[in-house]
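# Survey of secondary and tertiary structure
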Amino acid sequence: MKTPVYNNYRKDTSSKIIVRSTGIVMAITVLHKIFGFVEKQIIAFFWGTGIEADAYLMVYSIIYMVYMIIKEVVASSFLPVFIGYLKNEEDEKKGWEIASIIGNILTILFTIIVVACMLASPFVISVFAPGFKGEQRELTIKLFRIASPALLFMSISALAYPILNSYKKFALPVFGDAIFKASPTIIFLSMMKVAGFSIGLVAGTLGQLSLYIFGLRKKIKFYKPSLNISCSPFQKVMRLSGPLFLCVLFWQLTYLVSNIFASTLPPGSVSALTYAQRLIEMPIYVVPLSLGVVVFPFFSETSQEGEKQKLKEMFFNSLRMVSLLFVPLAAGCMILSVPIIKLLFERGEFTPVSTVLTASVLRYISFGMVAWALEIILHKFYFSQFDVKTPMIISGLGLLLYVALAFPFMKYLSLKGIALAWSLSQGIKVCLLFVLLKKKIEDINLLGSFSFIGQIGLSTLIMVLSVYIITHLLGNFLDLSKMFFQAAHLLCSVGIGALIFFVMMSLMGMQEAGVVWNYLRLNFKK
């Protein structure tokens, strides 16, 4: 008798699958972010922080906001319900009935939305970029009208993504994201017109969807042209979707509010803010988002099976991993903001003035990087418990707090005030989510948590002081007008800082340092 395909993955331990799958997803995500980085390099080279850059980046932020809202809402509400039907083929058919209903609704809804966006592009841009005037506004309207069909393909991909994850297929969905990210650059280079980026968005989303359909080709037989919205599993997904939609909407509105605020400042502000945001997104996407994609199905499964201790260990190990990486990383971005921006962007139309502006934003926005990374894992845990109201309420409060802080901070710090307001609101949100964990997890080791935080904080402080001294010493001996020496300067500072942080971890006896030492020793012997 054959082993059911639905339980094959259980032949391996969950922890091994999580580690292996996270590694694969992280590797593909790095490729995805490289494509995004190349895109920003090209935009910076041709337009710097000019109106063309502002126009396209505004259009991209609108399209991407919609995609992330759909993706997060569908994945977080649909996956925990769908995964409960993968016990046998008969139940699997019921699960696919839910998927079919949602897919059909999304197709009809977003066909209407695409037509509306194409007809009402001026109104949409007036809402999202009220500060854009004249040529800048007209170009943004044109690019948005071209890119609008991408919304339809994105909406269906947003459903296919969690279906693939439910079958423990993690690499293919992330590779689809890489196709989506690479396409705008490829189309632009073939046309050498800014409109090529918008056409590339449409081509990329179509390619992404085609790949997902190929990955599910053996399961498409379960699809039904149904709109039976009265079935109880669909109703359960809808009950979760409402608060989830608000939760994700609040998060995405933070981005748009940032752009709206920035659009009222001098030209180039939207571009500078976007460049800084994309830089901190790169490590966020590579580690916590990759980890979140993989652990979410396991959190959901373990929670439904009632294995509380296993779930607790899995959750806190994820938080420790994220903290160890992002506390020193955020500190490094703050202290090395100018060398980072100078090396990555300062060429072509991206002038030293653009470098100073973007680096100042990066310095302040880096404060919130750690909180953002932790929030991703915290949300996945809450969602796996079918608790979507708590993250929704906290996200709403976070958005209100951000707006309340941004107004006075902009008055005194201009663009930097937007970044600082975002960072502070992120930190407060995460603190509230941690406080409310007591309702979900019993016997939280607070003493151990404070000890861990103290060890990371001390290690990071010593690392920052060392890097500050080293950076200034190296700057006196290297010709930083040349890219080679800029790269050497930055790499030496980062390398020495990472080494000092690791040594401090070892001296304080942190268990993660021992794991790394053992790994290096075993591989060195080979």
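These figures come from a predicted structure and were not determined experimentally.

In terms of helices and strands, the chain carries 19 helices and 0 strands. Here the C-alpha radius of gyration of the chain, 23 Å, is about what a compact globule of 526 residues would show, namely 24 Å. C-alpha atoms of the chain, sized along the principal axes, occupy 70 × 60 × 45 Å. Within the chain, the fraction of its 526 residues that count as buried is 55%. Of the contacts formed within the chain by residues at least 6 apart in sequence, a portion of 83% connects residues at least 24 apart. Looking at the chain as shown, the accessible area adds up to about 23,100 Å², and 71% of this sits on carbon and sulfur atoms. The averaged location of the 26 negative side-chain charges in the chain is 2 Å from the averaged location of its 46 positive side-chain charges.

The next point concerns the nonpolar core. Counting 167 residues, the largest nonpolar core has Tyr56, Phe78, Ile163, Phe315 and Ile418 as the members making the most contacts within it. The element contributing the most residues to this core is helix H2 (residues 51–83), with 23 residues. Other than its neighbours up to four places away in sequence, Tyr56 contacts Glu39, Ile43, Leu143, Pro184, Val194, Phe197, Ser198 and Leu201.

Turning our attention to the packing of aromatic side chains. A full pass over the atoms with the stated rule returns 27 aromatic pairs. One aromatic cluster is present, built from ring pairs that chain together Phe45, Phe46, Tyr56, Tyr60, Tyr64, Tyr67, Phe180, Phe188 and Phe197. Sitting above the plane of the Phe296 ring, Lys380 keeps its charged end 5.0 Å from the centroid.

Over its 16 residues, helix H14 (residues 369–384) extends 23 Å from the first C-alpha to the last, a length consistent with the 22 Å expected when each residue adds 1.5 Å. Most of H14 sits out of view: 16 of its 16 residues are buried.

Let us now look at the side chain of Thr390. Here Thr390 is to be found in helix H15 (residues 389–413). Among the polar contacts made by the side chain of Thr390, one reaches the side chain of Asp387 at a distance of 2.9 Å.

This next bit is on empty space enclosed by the protein. Gaps left between atoms are located by rolling a probe of water-molecule size over the structure's atoms. Per the counting criterion, the structure on display carries 5 cavities of 30 Å³ or more. At the level of elements, H2, helix H9 (232–263), helix H10 (269–304) and H14 are the ones that each hand at least two residues to the lining of the largest cavity. Of the residues forming the lining of the largest cavity, the biggest block, 7 residues, is contributed by H9. The computed volume of the second largest cavity comes to approximately 260 Å³. Going through the elements one at a time, helix H1 (14–47), H2, helix H6 (150–166), helix H7 (171–191) and H10 are the ones with two or more residues in the lining of the second largest cavity. Looking at the lining of the second largest cavity element by element, the count peaks at 7 residues for H10. Its residues placed into classes, the lining of the second largest cavity shows 11 nonpolar, 5 polar and 4 charged.

Attention now moves to the pattern of salt bridges. Within the structure shown, the criterion is met by 5 salt bridges. Note that Asp177 and Lys71 form a salt bridge whose closest N and O atoms lie 3.4 Å from each other. Here Asp177 is found in helix H7, whereas its partner Lys71 is found in helix H2, with 106 residues between them in sequence. Residue classification places Lys71 among the buried positions, given a relative accessible area of 10%.

So, about the confidence of the model for the chain. The predicted structure's coordinates, where accompanied by low pLDDT, should not be read in detail. With 92% of its residues at a pLDDT of 70 or more, the chain shows a mean pLDDT of 83. Element-level pLDDT for the chain is lowest in helix H19 (residues 511–525), with a mean of 58, against a maximum mean of 93 in helix H16 (residues 415–435). Here residues 1–12 scores under 50 on pLDDT; set against residues more than four positions off or in separate chains, the count is 15 contacts.

Taken together, the side chains of Ile393, Leu397, Leu400, Ile428 and Leu432 make up a nonpolar region of the molecular surface, amounting to roughly 460 Å² of accessible area. When residues of the nonpolar patch are traced back to their parent elements, those giving at least two are H15 and H16. Examined against the element boundaries, Leu400 turns out to sit in helix H15.

Moving on to the environment of Gly131. As for its position among the elements, Gly131 is in the loop between helix H4 (121–128) and helix H5 (134–147). A sequence separation of 212 residues divides Gly131 from Leu343, and the C-alpha atoms of the two residues are 31 Å apart.

Okay, the state of the cysteines next. In a disulfide, the sulfur atoms of two cysteines are covalently bonded to one another. Tallying each qualifying case throughout the model produces 0 disulfides. For Cys333, which is in no disulfide, the shortest distance to another cysteine sulfur is to Cys492 and amounts to 18 Å. Judged by its relative accessible area of 13%, Cys333 is buried.

By the element assignment, Glu72 lies in helix H2. With near-sequence residues (within four places) excluded, Glu72 lies in contact with Val248 and Lys380.

Right, let's get into the packing of H10 against H14. Running from N to C, H10 and H14 cross one another at 15°; their axes reach a closest spacing of 8 Å. Relative to H14, the element H10 is oriented roughly parallel. Once H10 is placed against H14, the crossing between them reads as right-handed. Contact residues: H10 offers Ile280, Glu281, Pro283, Ile284, Pro288, Leu289, Leu291, Gly292, Phe296, Phe299, Ser300 and Ser303, while H14 offers Met369, Trp372, Ala373, Ile376, Ile377, Lys380, Phe381, Phe383 and Ser384. Here the residues of the contact of H10 with H14 are counted per class, giving 15 nonpolar, 4 polar and 2 charged.

Even without glycine at this site, Met192 takes up a positive phi of about 60°. Relative to the helices and strands, Met192 is located in the loop between H7 and helix H8 (195–215). By relative accessible area, Met192 is classed as partly exposed at 45%.

With that settled, the discussion passes to the environment of Arg278. Among the structural elements, Arg278 can be located in helix H10. Placed 62 residues apart in sequence, Arg278 and Leu216 show a C-alpha to C-alpha distance of 31 Å. With near-sequence residues (within four places) excluded, Arg278 lies in contact with Lys40, Tyr60 and Tyr255.

About the thresholds
- Residues numbered from 1 in each chain as written.
- Predicted model: local features only at pLDDT ≥ 70, side-chain atom pairs only at ≥ 80, totals over all residues.
- Heavy atoms only, no water.
- Helix = DSSP H or I, 4+ residues; strand = E, 2+ residues; numbered from the N terminus.
- Rg over C-alpha atoms; globule rule 2.2 N^0.38 Å.
- Buried < 20%, exposed > 50% of the residue type's maximum accessible area, 1.4 Å probe, protein only.
- Contact = heavy atoms within 4.5 Å.
- Areas by Shrake-Rupley, 256 points an atom, 1.4 Å probe, with all protein chains shown as cover.
- Lys, Arg positive; Asp, Glu negative; His and termini not counted.
- Charge placed at Lys NZ, Arg CZ, Asp CG, Glu CD.
- Core = buried A, V, L, I, M, F, W, Y, C linked by side-chain atoms within 4.5 Å.
- Phe/Tyr/Trp six-rings, centres within 6.5 Å; stacked < 30°, edge-to-face > 60°.
- Lys NZ or Arg CZ within 6 Å of the ring centre and 35° of its normal.
- Expected span 1.5 Å × (residues − 1).
- Polar contact = N/O pair within 3.5 Å; in protein donor to acceptor, adjacent residues only side chain to side chain.
- 1 Å grid on protein atoms, 1.4 Å probe; cavity = no way out; pocket = protein on both sides within 12 Å on 5 of 7 lines; lining within 4 Å.
- Points joined across faces, edges and corners; volume = space filled by probe spheres on them.
- Nonpolar A, V, L, I, M, F, W, Y, C, P; charged D, E, K, R; others polar.
- Salt bridge = Lys/Arg side-chain N within 4 Å of Asp/Glu carboxyl O.
- pLDDT = per-residue confidence, 0-100.
- Patch = residues over 30% accessible without salt bridge, like charges linked within 9 Å, V, L, I, M, F, W, Y side chains within 5 Å.
- Disulfide = S-S within 2.5 Å.
- Axes fitted to C-alpha atoms, helices over the stretch in contact; angles between N-to-C directions.
- Parallel < 35°, antiparallel > 145°, perpendicular 65-115°, else oblique.
- Left-handed = near helix turned anticlockwise from the far one by under 90°.

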